[in-house]
Amino acid sequence: MSDREEFLAGDRPEDVFMYFADDAVSGIDALAGHGERVDGGVVLVVEGDSGRSAFQRATDTDPMAFAKQAMANDGSVDADCTGGVCPDTDETEGPHDARFVFAFAEEQNEEVEGLYAEGDVIHAYVQCTCGTPYSEKWLAGER
């Protein structure tokens, strides 16, 4: 099982997931040497603190500030976390491709209601090429 598959299954809650489109960041070839080359970009699964730092260096964006901004817009994130459907597709001229994705897993917490009581939750945040950030969360392994 790949690092990405383990992460999406909820088996790596201490790590963060990052996807960078080929044209989203400089040095994509160097990043590919540390991750998995996918159609149109690179995926990396990295230990939490190191991953957040790497994301910030690559995008010049604080990952937690980005997550907070993206949470304001519900979108649909692909099951493999390399794209999605931008919520502004009908209002804004395209293209509407994912520039980058930042995701983390939150372990099951039976003390709270809702999704978190049911199992580990994947939180995914996407920056669309149109400029709109958006997010979605789901139960790990359910897609």
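Structure's up top.
Given the structure is predicted, the values throughout are model-derived calculations rather than measurements.

Each helix and strand in the chain was counted, giving five helices and eight strands. For the chain, the succession of helices and strands along the chain, N to C, is α-β-α-β-β-α-α-β-β-β-α-β-β. Against the compact-globule benchmark of 15 Å for 143 residues, the chain has a radius of gyration of 14 Å, which places it among compact chains. With the C-alpha coordinates of the chain rotated into their principal frame, the extents come out at 40 × 35 × 25 Å. For the chain, the residues scored as buried account for 43% of the 143 residues in total. A sequence separation of at least 24 residues applies to 58% of the contacts in the chain between residues at least 6 apart.

Moving on, we come to unusual backbone geometry. Although it is not a glycine, Asp 60 sits at a positive phi angle of roughly 60 degrees. Counting through the fold element by element, Asp 60 comes out in the loop between helix H3 (48-59) and helix H4 (63-70). The backbone of Cys 81 shows a phi angle near 60 degrees, a positive value even though the residue is not glycine. Tracing the sequence through the fold places Cys 81 in the loop between strand S4 (76-77) and strand S5 (84-85).

So, on to the sheet that holds strand S8 (residues 133-139). With antiparallel pairing, the six strands of this open sheet are ordered in space as S2-S3-S1-S6-S7-S8. Either end of the sheet is taken by a strand with one partner, and the two such strands are strand S2 (36-38) and S8. Mean inter-strand twist for the sheet, computed between neighbouring axes without regard to direction, equals 20 degrees. Relative to strand S3 (residues 41-47), strand S1 (residues 15-21) is paired through seven bridges, and the arrangement is antiparallel. Opposite Asp 15, over in S3, you have Glu 47 as the bridge partner.

Basis of the calculations
- Residues numbered from 1 in each chain as written.
- Predicted model: local features only at pLDDT ≥ 70, side-chain atom pairs only at ≥ 80, totals over all residues.
- Heavy atoms only, no water.
- Helix = DSSP H or I, 4+ residues; strand = E, 2+ residues; numbered from the N terminus.
- Rg over C-alpha atoms; globule rule 2.2 N^0.38 Å.
- Buried < 20%, exposed > 50% of the residue type's maximum accessible area, 1.4 Å probe, protein only.
- Contact = heavy atoms within 4.5 Å.
- Pairing = 2+ DSSP bridges.
- Axes fitted to C-alpha atoms, helices over the stretch in contact; angles between N-to-C directions.

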